[in-house]
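# Chains, contacts and geometry: an overview
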Amino acid sequence: MEFSEWYSDILEKAEIYDVRYPIKGCGVYLPYGFKIRRYTFEIIRNLLDESGHDEALFPMLIPEDLLAKEGEHIKGFEDEVYWVTHGGKTPLDVKLALRPTSETSIYYMMKLWVKVHTDLPIKIYQIVNTFRYETKHTRPLIRLREIMTFKEAHTAHSTKEEAEKQVKEAISIYKKFFDTLGIPYLISKRPEWDKFPGAEYTMAFDTIFPDGRTMQIATVHNLGQNFSKTFEIIFETPTGDKDYAYQTCYGISDRVIASIIAIHGDEKGLVLPPIVAPIQIVIVPLIFKGKEKEVNEKAKELYEKLKGKFRVHIDDRDIRPGRKFNDWEIKGVPLRIEVGPKDIENKKITLFRRDTMEKFQVDETQLEEVIEKTLNNIMENIKNRAWEKFENFITVLEDINPDEIKKILSEKRGVILIPFKEEIYNEELEEKVEATILGETEYKGNKYIAIAKTY
Ligand code: PR8
């Protein structure tokens, strides 16, 4: 099955996201998908909180003059902005934009908050929806017009060095985040022509989807003083001079959810990292005539025993066990416990792990310990498997040969790395190889230009 077909199929069958909402690029998170989203964004929330970021919340509407203040920024976004032009029947004096991102609203406020160097650094973030009128082909959770989960962090510092350090911290936070989810990545510095509108430079994380195309899953931007000069975020330095704040911003979106699905899933359905699985263990009673009471009681007993430690669910629907197995396999539940009369007699528990589709038995006395270990092992296994596939998608070439590059990108796809040379590093190279230049990257200690077919 083609990847895109598999992907649409799984969003529906695993009850993650319903695409039938009558606006292009907008869909509905179903309860199961919503829980995956909640656990996933809880990880980034914790990582940001731990590293001194504070969560805040800004309005969704931005007045036109504010959005247009920074020239580069508005140039980059003007074709993508949704406008609110009326209040009821009355035309508004000032058009209001639905935020495509929140630099302009946040930096307007930062100007009011920053007076002296001791007011800095400011490190805030919000997890909100943003709107971009995307003209490229929209795709569920990948290219949305309403980005339903946009985690954007914004920082301001008193020195250039501190802002530079913040970029490094953001990269290390995202590394931890994607490592926790087992999502492989290549980090590159985007070329000048592809940096964030208004940034000095952009660092990006790309992963590779099963069809060999890359997906930008996070970006970290060093904004220098571009925005602080426009928005007059001025502070008094320790020596009594005035300076403009040095800023950074970084973001991720629903694409993280799309990546969890795409990277770990298999022909049977989802394979969820236990840390974000809404149900980590499903208990399926195997009912045999005459043994109903015994089996159901055992299932309940196990449920009570495990529920404080893990996210457990008993599937007591009145349908065949085979169908239950299938449903939970599609939904990617990491572990299944099958409770049958024979096992009860032998004081054994039958476990099934979704990642390897293996069944095994454990002694009831060791159940919790084995579950704990197995969940960790599942995470390790799916992470290693994902990195292995990712590495297989990387082709290192010794020199630039457009025909060879085109051939690889039409057959195997993935990412091609060619040794970095200033003289070939320009937009024309993209035309020559008929692909996107992701940017400059370090790979195994050497500097390369990364080229790929992107989403
Ligand atoms: C910023 N300002 O905005 P960025 N659908 C889903 N995900 C998307 C879409 C879309 N249409 N467009 C972008 N993303 C900065 C940083 C505040 C935070 C995802 O940066 O425009 C991409 O993964 O690069 C992208 O890397 C991330 O949002 C941040 O968007």
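Residues numbered from 1 in each chain as written. Predicted model: local features only at pLDDT ≥ 70, side-chain atom pairs only at ≥ 80, totals over all residues. Heavy atoms only, no water.

Moving on to the domain arrangement of the chain. The domain architecture assigned to the chain consists of domain 1 (3-264), domain 2 (281-377) and domain 3 (393-452). A C-alpha centroid distance of 48 Å is found between domain 2 and domain 3. (Domains from an automatic or database assignment.)

Further remarks concern the nonpolar core. Core analysis: the biggest nonpolar cluster contains 67 residues, and L141, Y174, F178 and I261 have the highest contact counts within it. The residue makeup of this core includes at least three contributed by each of domain 1 (3-264) and domain 2 (281-377). For L141, the residues in contact, after removing those within four places along its chain, are Y7, L11, I16, Y17, Y29, D254, R255, I257, A258 and I261. Listed in part, the 25 residues of the second largest apolar core include F58, F77, A97 and I233. (Core = buried A, V, L, I, M, F, W, Y, C linked by side-chain atoms within 4.5 Å. Buried < 20%, exposed > 50% of the residue type's maximum accessible area, 1.4 Å probe, protein only. Contact = heavy atoms within 4.5 Å.)

Backbone hydrogen bonds hold the strands of a sheet together, and the pairing may be parallel or antiparallel. Spatially, five strands are ordered β16-β15-β17-β18-β19 in an open sheet, and the strand pairing comes out mixed. The two strands at the open ends of the sheet, each matched to only one other strand, are β16 (312-314) and β19 (358-363). Each strand of the sheet is rotated relative to its neighbour by a mean of 25°, with strand direction disregarded. Here strand β17 (residues 335-339) pairs with strand β18 (residues 348-353) via four bridges, running antiparallel. Residue pairing for β18: E338 is matched across the bridge by T350. Packed on one face of the sheet, helix α9 (residues 292-306) meets β15 (281-285), β16, β17 and β18 and runs near 165° to β15. (Pairing = 2+ DSSP bridges. Helix = DSSP H or I, 4+ residues; strand = E, 2+ residues; numbered from the N terminus. Axes fitted to C-alpha atoms, helices over the stretch in contact; angles between N-to-C directions.)

Moving on, we come to the UniProt feature "domain: Aminoacyl-transfer RNA synthetases class-II family profile" (unreviewed entry) in the chain. Cross-referencing UniProt, the feature "domain: Aminoacyl-transfer RNA synthetases class-II family profile" (unreviewed entry) maps to residues 31-273 in the present numbering. Secondary structure within residues 31-273 divides into 33% helix and 32% strand; the distance between the first and last C-alpha atoms comes to 18 Å. (UniProt positions renumbered as here; feature names shortened; annotations may be inferred.)

Taken as a whole, this structure holds 33 salt bridges when the rule is applied. Taking the shortest distance from any N to any O, the salt bridge between E134 and R143 comes out at 3.7 Å. Of the two residues, E134 and R143, both sit in the buried class. The shortest N-O distance in the salt bridge between R353 and D355 comes to 2.6 Å. Judged by relative accessible area, which is 9%, R353 ranks as buried. The network of salt bridges with shared partners includes K268, E329, R336, E338 and K359. (Salt bridge = Lys/Arg side-chain N within 4 Å of Asp/Glu carboxyl O.)

On to the side chain of D206. By the secondary structure assignment, D206 is in strand β10 (residues 201-208). Only 3.0 Å separates the side chain of D206 from the side chain of R190, close enough to count as a polar contact. At 3.5 Å, the side chain of D206 and the backbone nitrogen of Q216 are in polar contact. Beyond its immediate sequence surroundings of up to four residues, D206 is in contact with P184, Y185, L186, S188, R190, T214, M215, Q216, I217, F390 and L438. (Polar contact = N/O pair within 3.5 Å; in protein donor to acceptor, adjacent residues only side chain to side chain.)

Moving on, we come to the site of the ligand. Around the ligand, the surrounding shell holds 22 residues, and the nearest of these are E103, E134, Q216, T219 and S253. One nitrogen or oxygen atom from the side chain of H221 is found 3.0 Å from an oxygen atom belonging to the ligand. Relative to its free-state accessible area of 600 Å², the ligand is covered by the protein chains to the extent of 96%. Those elements that provide at least two residues to the shell around the ligand are β8 (146-157), β11 (214-224) and β14 (246-252). (Near = heavy atom within 4 Å. Areas by Shrake-Rupley, 256 points an atom, 1.4 Å probe, with all protein chains shown as cover.)

Right, let's talk about α9 for a bit. The terminal C-alpha atoms of α9 lie 21 Å apart, and with 15 residues this matches the ideal 21 Å at 1.5 Å per residue to within 8%. Among all positions in α9, only V295, K298, A299, L302 and L306 are buried. Buried residues of α9 fall within an arc of 100° about the axis and therefore sit on the same side. On its buried face, α9 sits against β15, β16, β17, α11 (341-346), β18 and α12 (367-392). (Expected span 1.5 Å × (residues − 1). Arc of directions from axis to C-beta.)

For the rest of this paragraph, the subject is the sheet that holds strand β5 (residues 82-87). Here we have three strands laid out as an open sheet, ordered β4-β6-β5, and antiparallel in their pairing. Looking along the sheet, the strands with just one partner apiece sit at the ends: β4 (61-63) and β5. Within the sheet, the average angular offset between the axes of one strand and its neighbour, ignoring direction, is 45°. Bridge analysis of β4 against strand β6 (residues 90-98) gives three bridges, and the strand direction is antiparallel.

Another aspect to go through is the packing of aromatic side chains. Applying the stated rule across the entire model yields 24 aromatic pairs. Taken together, a centroid distance of 5.5 Å and an interplanar angle of 75° make the contact between Y107 and F227 edge-to-face. Of this pair, Y107 sits in helix α5 (residues 103-113) while F227 sits in helix α7 (residues 226-231), and the two are 120 residues apart along the sequence. Accessibility assignment for this pair places Y107 and F227 in one class, buried. Counting every residue linked through ring pairs, the aromatic cluster contains Y174, F177, F178, Y185, F205, Y250, W387 and F390. Across from the ring centre of F231, 5.6 Å away, lies the NZ or CZ of K69, which sits over that ring. Over the face of the ring belonging to Y201 we find K189, whose NZ or CZ atom lies 4.8 Å from the ring centre. (Phe/Tyr/Trp six-rings, centres within 6.5 Å; stacked < 30°, edge-to-face > 60°. Lys NZ or Arg CZ within 6 Å of the ring centre and 35° of its normal.)

On to a nonpolar patch on the surface, then. Among the surface-exposed residues, Y21, I23 and V28 lie close enough to one another that they form a single nonpolar patch of about 260 Å² accessible area. Along the chain, I23 falls in the loop between β1 (17-18) and β2 (28-29). (Patch = residues over 30% accessible without salt bridge, like charges linked within 9 Å, V, L, I, M, F, W, Y side chains within 5 Å.)

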